[in-house]
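Take a look at the letters that make up each chain.
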Amino acid sequence: MKDFLLKSDTAKMLYSSVEKLPIIDYHNHLSVADISENKRFSDIYDLWIKPDPYKHRAMRMCGVSERLITGDASDFDKFTAWCGIFPNLVGNPLYIWSQMELQSIFGITEIPCKDNAENIYNKANEFLRNNEVTAESLLKGFGVELSCPCVSLCDDVSAFEKNHTVSPSLRGDDVTAPSLDFIRKLESLTHDINNMSDYKLAVSERLDLLKNAGCIFSDHALDNGFVFYNDDGENEKRFMKILDGKALKEEDEKKLFSYILEFLCSEYAKKGFTVQLHIGAERYTSSRLRTLAGKAGGFAAIGNSVDISSLTKMLDTFEKGEHGLPKMVLFTLNPADNAMVSVLAGSYSKDGVPGLISQGPAWWWCDHKHGICDALENISSFGLLSNFVGMTTDSRSFLSFVRHDYFRRILCQWLGEKYDAGELCCPYDSIEALAKDMCYENAKRIIGGIHNV
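Residues numbered from 1 in each chain as written. Predicted model: local features only at pLDDT ≥ 70, side-chain atom pairs only at ≥ 80, totals over all residues. Heavy atoms only, no water.

Peer 1: Whenever I open this one, helix α6 (residues 93-106) confuses me. Can you help?
Peer 2: In an α-helix, one full turn covers 3.6 residues, which means residues spaced three or four apart are oriented alike. Between its terminal C-alpha atoms α6 stretches 20 Å, which fits the 20 Å expected from 14 residues at 1.5 Å a residue. The buried fraction of α6 amounts to twelve of the 14 residues, a majority that puts the element mostly inside the structure. Of all the positions in α6, only P93, L94, Y95, I96, W97, S98, Q99, M100, E101, L102, I105 and F106 are classed as buried. Its buried side turned inward, α6 meets α3 (44-49), α4 (53-61), α5 (75-85), α7 (117-130), α8 (135-141) and α18 (402-420). Phi turns positive, to about 70 degrees, at G107, one or two residues after α6. (Helix = DSSP H or I, 4+ residues; strand = E, 2+ residues; numbered from the N terminus. Expected span 1.5 Å × (residues − 1). Buried < 20%, exposed > 50% of the residue type's maximum accessible area, 1.4 Å probe, protein only. Contact = heavy atoms within 4.5 Å.)

Printed below as a string of structure tokens:
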């Protein structure tokens, strides 16, 4: 795969400049337990298929029984089922990613199918027996300088304090939509919570603890149907209802969400966090699969185009707050939102802060060649490529770091085509520097001195 996706000499030259750059993966869902325990992998199914809902989704699309995906079948049978449907994936990014994953770790170049499944299984597991493949060795092998797996506000983050390759990234959805159980857990870690002021103070204390553990990223989902409400003075009452064990109506939940998110973003701005907003997922599709595979089982969908009035009202409200807007990266799941969100990069600013608002990389169902190029075209046309924060995997699989190489190849070909066509009107040195910024340097500037990066 030496020249895979690289069609011109310019693209190949650019790729040679970025291929070996370190990886900063500022948002993923890797297992914190696997990292802190430095888990050693002994079975290819456990490493390659079990943690990857993208693969599970493809198997369902091919009609594979759920028993052979997330059910009680043996690991070997599940592995064989995956290999059996693999030839049907031609044209899907999984077909490429999976080959890159097999080659990068195991040196296996065979294309999986039903006939060679057992051979690949045995060959890979022999490699795992003879080589110490651990969470730490995988991060090192992929050149990961910093990985930021998601944690909850109430999680124990002590394991991060001595690990300079990994820092926590706050997943804050349970903070903005607090349950009574969550509030009581937060209370056990801080102090009594009898009202909204107590809650805010407890949240702020935990944010300080996370920051001390190296956290400088937070993440919130603005799912399909997101609406932003300005404070109507009733949110203390809504919070007290939760403390009393009462359920809120849907509109009241959304109003409380907006109020707490406004508070959080003020805290993030004050504490120097970069906020990632993941926009547009429709997470409720098949109730059957949600029951069988859990809420992150690979069956969510792309939602409607975001309500731009709510999004801009939200950003405007945050900007007018005491601490202004924090630095934000906006991820769009609906491709129809790319131009709309890219334009927002020029709608908000802060003195001395380049790229206060920027569009993130193609995300989730869009992190393939078509989606990546579409996002790049929109960022280039409506925003600034020079402010692009770079690729991140958003994955639960350690092997997904190959997607950084996939992205770098696509980026270099995309830039090379435009340079060769005379569309960029700049020296080669300029696009080489731009490629390095987009693959590594811009993310490095955001994390600053955290963990001595």
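Peer 1: Hey, could you run me through the packing of α18 against helix α19 (residues 428-447) in this one?
Peer 2: Helix-helix packing is characterised by the crossing angle of the two axes and by the distance between the axes. Contact geometry of α18 with α19 gives a least axis separation of 11 Å together with a crossing angle of 155 degrees. Looking at the two axes, α18 sits roughly antiparallel to α19. Seen from above, α18 lies across α19 with right-handed handedness. Residues F407, R408, L411, L415 and Y419 of α18 lie in contact with α19, whose contacting residues are Y428, I431, L434, A435, M438 and C439. (Axes fitted to C-alpha atoms, helices over the stretch in contact; angles between N-to-C directions. Parallel < 35°, antiparallel > 145°, perpendicular 65-115°, else oblique. Left-handed = near helix turned anticlockwise from the far one by under 90°.)

Peer 1: Which parts of the structure should I look at to understand the pattern of salt bridges?
Peer 2: Here the idea is simple: oppositely charged side chains can pair when their charged atoms come close. Summed over the entire model, instances satisfying the criterion amount to 26 salt bridges. Note that D173 and R171 form a salt bridge whose closest N and O atoms lie 2.9 Å from each other. Among the residues examined, D173 registers a relative accessible area of 24% and is labelled partly exposed. Salt bridges linked by common partners bring D232, R238, E251, D252 and K255 together as one network. (Salt bridge = Lys/Arg side-chain N within 4 Å of Asp/Glu carboxyl O.)

Peer 1: Help me understand the packing of aromatic side chains, please; the structure alone is not making it clear to me.
Peer 2: Describing an aromatic ring pair means giving the distance of the ring centres and the angle of the ring planes. In total, this model carries 21 aromatic pairs according to the counting rule given. When the ring of W48 is compared with that of F79, the centres are 6.0 Å apart and the planes differ by 45 degrees; the resulting orientation is tilted. Taken together, the positions of W48 in helix α3 and F79 in helix α5 put the pair 31 residues apart, joining distant regions of the chain. F79 shares its class with W48; the two are buried. Taking the centre distance of 5.7 Å and the plane angle of 75 degrees together, the rings of W82 and F86 count as edge-to-face. By the burial criterion, W82 is buried, and F86 matches it. A connected cluster of aromatic rings, assembled from ring pairs, spans W48, F76, F79, W82, F86, Y95 and Y121. Sitting over the ring of W365, R57 keeps its end group 4.1 Å from the ring centre. (Phe/Tyr/Trp six-rings, centres within 6.5 Å; stacked < 30°, edge-to-face > 60°. Lys NZ or Arg CZ within 6 Å of the ring centre and 35° of its normal.)

Peer 1: Help me out: how do you make sense of the sheet that holds strand β8 (residues 327-332) in this one?
Peer 2: Within a sheet, adjacent strands bond to each other through the backbone by hydrogen bonds, running parallel or antiparallel. On the basis of which strands lie adjacent, the open sheet formed by seven strands has the order β1-β2-β3-β4-β5-β8-β9 and parallel pairing. Edge positions in the sheet fall to β1 (23-28) and β9 (357-359), since each of these pairs with one other strand and no more. In this sheet, adjacent strand axes meet at a mean angle of 20 degrees when their direction is disregarded. Each of β3 (169-171), β4 (217-222), β5 (274-279) and β8 touches helix α13 (residues 250-271); the most contacted strand, β4, lies at about 160 degrees to it. (Pairing = 2+ DSSP bridges.)

Peer 1: Please clarify how unusual backbone geometry should be interpreted in this entry.
Peer 2: With the exception of glycine, the majority of residues adopt a negative phi angle, and the majority of peptide bonds are in the trans configuration. The phi dihedral of L5 falls on the positive side, at around 70 degrees, and the residue is not glycine. Here L5 is to be found in the segment before α1 (9-18). Backbone geometry places W364, a non-glycine residue, at a positive phi of 60 degrees. Within the element layout of this structure, W364 appears in the loop between β9 and α17 (369-382). For W364, a relative accessible area of 15% corresponds to the buried category.

Read these as layout, nothing more, since geometry by itself doesn't imply function.
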